[in-house]
Structures are given as C-alpha cells and as structure tokens.
Amino acid sequence: MKAEKINPKDISRPSEQMVELNPADFMKLPYPYDKGEDEPAFKRLKEDQKKKYETSLDGVLAVGIPRPATKGEEDELVRKFLSGLEKLLTKENNWTFLQPLTLSLEYCAKCQTCNDACPIYISSGKKDIYRPTYRSEVLRMIANKYLKKSGKLLAKFTGNDIELNWTTVAKLAELAYRCTLCRRCAQTCPIGVDNGLITHELRKIFSQEMGIAPGEIHTLGSVQHLKKGSSTGLMPVALKDTLEFLEDDIKERTGLDIKFPLDKEGADILLIHNAGEYLSWPENPMAFAIIFEAAGLNWTLSTDLLGYDAVNYGLWYDDVQFARVAVRHAQIAKKLGVKKIVIGECGHAHKAISVIADRIINEEINIPRESSMTLLEDLVCSGKLNLDPKKNAFPVTLHDPCNMVRLMGVVEPQRKIIRKICPQFREMEPHGVRNYCCGGGSGFAIMSSMNFPNWRSSVSGRMKFKQILEAFQDVIDPSIKKMVCAPCSNCKGALREIFNYYNAWEKCGISYTGLVELIVNAMVDIKEPYIEWPIM
Ligand code: SF4
Ligand code: SF4
C-alpha cells in the first residue's frame, strides 16, 4: 500500500504530526508472524513528552530538542543551523566529505530508484518522510533558498520555496536519526548519489555546530570514551578485573589455562574489541583468546585508556570526535610497537580504524590495520585449528554487518569459515554487499530514549527480521534450535532487541552469536559445548 504523499516543504508546518506509525501499515512479516497477531502495539509518546519536545515528525523521539521558550530562542536555533549548513559546504570547514556531499546535493535526478533499496522506507509501509531523498530534498531546498544569491527572491520559481523555521530544524534533527547510514540507497542509485552521506553530514551540523546529538552516542558515547577509556564506562582497572574473571570462566568452561596477554610490547597483533563485548557477550573475547592461543599467535590486548575499546561513535555524527578517538587508537598501537592492529567483531570499528582513519592518520603514527575476519579465515582454512563441523549441527545463517561488508568489501572470509564449520549453513536473501542492515546501524543499537527502541525493532530492524525468518522457514518450528551469526557487537545488540520484541526464541527457536563462538564450539579439543542457548 502506498502511503499518503508528503512534500518536502510540509516539514515546516508546525504541530501536525506528519505520519502516524501504525503496525497494520508496516511491511508484512513471514510465518509465524504473518497474521500480525504477535506484533506489539506501537508505543505512543506521553502528553508531557509531546509538550516538552517537537514530536510532529512521526511521534518518535531519538534526539528530542526541547521546545524553545521564546521566539528569540527559536530564531537562534535557526540561525545556528543555517550557519552550520553554510560551513558544511565550504572547504575550510568540511575537510572530510565536501566533494561527495556537494555532488550528491547537486546531481540527484529525482528518479526515486533508491526508494525500494531502503529498508526503513519499505518496512514503514512506504512513508514518504523515510524516502532516502526526502531529507536530502529538504536540505537541498534550504541551501538553494537561504544560501544562494537571490535564492529567496527566486524560491517560488526554482521550486525551493521551503520555510526554514524552528519546526523544520527540530524535525530535521529527528529525521537525521531515521536512517541507519547503511548506504544501500547509494549502491542502487544509477548516478552514485549518496543519501546516506547526506544524512551523515546533516548529523554533523547538529553536533559540531549546535551541540545536538543523541546522548547515548555523544555524552555517554564518544565523550565518555575519551574520558574514561571506554564508551561503556569500563576503566582500565575494571578491565583488568574483568579479564581475570574471564580467565577463570575459560578454565571452568574449557579446562584451559589461558592468561590474556596485556600490553605486550612488540607483539605481532594488538587485538581491540568493542568493549561492549566484555560486558554483554564476554564469551566473544574469551573465544578470541582460546583461538589465538591454540594457533600460537603472538598477540596482546592494551589496557591503555581507549586501547581496549575499538568503538568510534564519531564515525556516525561528528568528525572531530571521530578524529580524537582514531588518532588515540593509532598512537597506542605505535607506542606498544606492535606490528598491526586487528579489530574484533565490530563492524563500525572496522570501518573507522581501517578506512576512514586513513584521512587523518599521518605517517608518524600510521600502522597496518586488519579485520579479524581475514585473520580467522587464515587460521580456520589453513588447518591450524582442529575443527569438527559436526559439533555445529544446527541451522545457521549469517548476518552481514553493513560497515564491514557493503562499505569495506569484507564479504568472503567469514563465509569461508562458516561453510567449513557449519554444515547446515544457509544464506539470507539478499546477502553479501546487498545485505540489509540489522536496524541498529549508525548508533541505533545503543539508542534507548523514549519510544525509539520500539521504532528500531518494529521499523528499522524489520527487514532484517523478515530475512532471518525467511532463511529459517523450513526449520521454523521452535523445537529446532537455530543460530544467526552476527560478527558485530552492535548488530548483536540490535538482534537481541528484535528477538526479544518478537519473542523469537520462544516462538521460533532463533538465537544469535558471534563468529568466534561458533569456531570454538567446533574445536575438537573443547569437550563441552561452547555455544550457550537461551533457556526456555
Ligand atoms: S538519489 Fe539517485 S536513485 Fe535516488 S532519486 Fe536521486 S538520482 Fe534517483
Ligand atoms: S542509507 Fe540506508 S537507511 Fe539511510 S536512506 Fe539509504 S537505504 Fe535508507
């Protein structure tokens, strides 16, 4: 069903909610959710929240800019936004992505081919405001009207007749967080326009110029990361305690005496995990240690501030925060004198350290950086580990983290491993570089304010859930335990929430894990099963 048409300039109208989100309109899910009976009701915002914030985009709050108390405050928000947009379009102030941004703003042919590539647009029941080009059209119109010579005068004739008021600014701030930056739309666009990038740049205006960003990725994210060493709040002393605890756990589960090597100078590998693993999925860093020790690698972890948390949330919203963290990661590796950095199972950290950091890491601190996927592929496929695929005798499918797969091209290594150790492996459709986001990309997995988690599980993660259900349709009975392998900490977080939201374990027997856990589960020398299933 095609939803009602909404024009870009409608965003300026105060008060009216632009779209109502109703699960009955959302994309249908396959069996056993096809009747829609198990679809949780969409959580509405409370009246006091509506009073406090501008909620008229879609009745969801991710950012939540408090309503200005005076006309003067409204005008100041608009002024700052416009000044930020102006800076975004100048070479001196946008040293990262100016060229692709201006090309994307200038050359869209408005063919709308990209719409069908966007999981959020499709999952929502084709709500116009979620079209990949909707926010870009708004931004383009504002730039043309307010920043170009005679723009205001000619706005009516050039089709840029949009009003930039505080409502527009507040709704744009929310709209910047209704896109996972998965860039599936860019992959589909016949002329390479990148609407994901435009969203990213829009987030930069809010953060870098206006100090507005979701608390989970800024204050509790990159700010906390720089101050305490980890966005989880895990400080070096607590990390050491945690690792001692994990060593005991490894001994108990496998009988192996393994000590995590710490701050080993000159090691071949500095392994950096997303520190969320230590707290939420400790079996993942434990599995890495078991595999690396079994393969006889010369590796280390760092206990230096930031050296044990590979996340870099600045990647999603703020170049300055990004640069601070990226430089620190490189400096720590240089100081330790390791031969390379290897990134654990975290998709955005892969892209941050390996790709985007190249824009700021100079010769002095440059160091080779490698994905754990290629390293593990070498260990598994070269026969360095004694593996028995029969130990993974359950259906498995593989989720492709966008940053690692579509945006970096690390597609085959993890597949080669899974094909070798999981005899009942099946692909999702589509997969590889045409995958769909888990719904938690660009910070969504950790954003939990007000009713945003509800939106994330029912809209942004809906396509992924559909794909998973389809991959397991032949074994969908809950008595058959099945596993989604997601080699990314944020993706696991998003899947955990979706599976809880839809009771996927109870209803379908679907759980999730990382890649290294499946490898250890297949190791002949580990007698007890390493994979743990949820308890019914
Ligand atoms: S971004 Fe590309 S695919 Fe989408 S409307 Fe513009 S030209 Fe068409
Ligand atoms: S980047 Fe992804 S979520 Fe954002 S508009 Fe494009 S396809 Fe949709």
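Here the structure is a predicted model, which means the values were calculated and not measured.

Definitions and cut-offs
Residues numbered from 1 in each chain as written. Chains lettered and ligands numbered in written order. Predicted model: local features only at pLDDT ≥ 70, side-chain atom pairs only at ≥ 80, totals over all residues. Heavy atoms only, no water. Helix = DSSP H or I, 4+ residues; strand = E, 2+ residues; numbered from the N terminus. Axes fitted to C-alpha atoms, helices over the stretch in contact; angles between N-to-C directions. Left-handed = near helix turned anticlockwise from the far one by under 90°. Contact = heavy atoms within 4.5 Å. Nonpolar A, V, L, I, M, F, W, Y, C, P; charged D, E, K, R; others polar. Buried < 20%, exposed > 50% of the residue type's maximum accessible area, 1.4 Å probe, protein only. Near = heavy atom within 4 Å. 1 Å grid on protein atoms, 1.4 Å probe; cavity = no way out; pocket = protein on both sides within 12 Å on 5 of 7 lines; lining within 4 Å. Sits in = over half its atoms within 2 Å of the grid points. Points joined across faces, edges and corners; volume = space filled by probe spheres on them.

## Focus: unusual backbone geometry
Here is step 1: In this structure, Pro32 follows Tyr31 across a cis peptide bond, with omega equal to 5°.
Here is step 2: With an omega of -15°, the peptide bond between Glu429 and Pro430 qualifies as cis.
Here is step 3: Checked against the element boundaries, Pro430 lands in the loop between β6 (425–426) and α19 (452–460).
Here is step 4: Here Lys110, not a glycine, exhibits a phi torsion of approximately 55°, which is positive.

## Examining the packing of helix α17 (residues 372–381) against helix α18 (residues 412–421)
Here is step 1: Contact geometry of α17 with α18 gives a least axis separation of 8 Å together with a crossing angle of 35°. When the axes of α17 and α18 are compared, the crossing they make is left-handed. Contact with α17, carried on its side by Met373, Thr374, Leu376, Glu377, Val380 and Cys381, involves Pro413, Gln414, Lys416, Ile417, Lys420 and Ile421 of α18 and no other residues of that element.
Here is step 2: When grouped by side-chain class, the residues that make up the contact of α17 with α18 number 7 nonpolar, 2 polar and 3 charged.

## Focus on helix α16 (residues 347–354)
Here is step 1: Counting buried positions over the 8 residues of α16 gives 8, a clear majority of the element.
Here is step 2: By the burial criterion, the buried members of α16 are Gly347, His348, Ala349, His350, Lys351, Ala352, Ile353 and Ser354.

## Focus on the site of ligand 2
Here is step 1: Lining the immediate environment of ligand 2, one finds Cys118, Pro119, Ile120, Pro132, Cys179, Thr180, Leu181, Cys182, Arg183, Arg184, Cys185 and Gly196.
Here is step 2: In this structure, ligand 2 is accommodated by the largest cavity.
Here is step 3: For the shell around ligand 2, the secondary structure elements donating two or more residues are α4 (119–123) and α8 (184–188).
Here is step 4: A breakdown of the residues in the shell around ligand 2 according to their chemical character gives 8 nonpolar, 2 polar and 2 charged.

## Some remarks on the site of ligand 1
Here is step 1: What surrounds ligand 1 is a group of 13 residues, the closest being Cys108, Cys111, Gln112, Cys114 and Cys189.
Here is step 2: One can see that ligand 1 is located within the second largest cavity.

## Focus on empty space enclosed by the protein
Here is step 1: Taken as a whole and judged by the stated rule, the model has 3 cavities of 30 Å³ or more.
Here is step 2: Counted as a void, the largest cavity has a volume near 130 Å³.
Here is step 3: Along its surface, the largest cavity is lined by 16 residues, and Cys118, Cys179, Thr180, Cys182 and Cys185 are the ones closest to its centre.
Here is step 4: Put simply, the parts of the chain that give the lining of the largest cavity at least two residues each are α4, α8 and α9 (195–210).
Here is step 5: Its residues assigned to classes, the lining of the largest cavity shows 9 nonpolar, 3 polar and 4 charged.
Here is step 6: Approximately 70 Å³ is the volume found for the second largest cavity.
Here is step 7: Around the second largest cavity sit Cys108, Ala109, Lys110, Cys111, Gln112, Thr113, Cys114, Thr133, Cys189, Ile191, Val193 and Asn195, which together line it.
Here is step 8: The residue inventory of the lining of the second largest cavity, partitioned by class, reads 7 nonpolar, 4 polar and 1 charged.

## Focus: the environment of Val237
Here is step 1: Take Val237: it is sitting in helix α11 (residues 236–254).
Here is step 2: Overall, the relative accessible area of 63% leaves Val237 in the exposed class.
Here is step 3: Measuring from C-alpha to C-alpha, the distance between Val237 and Glu427 comes to 42 Å, with 190 residues separating the pair along the chain.

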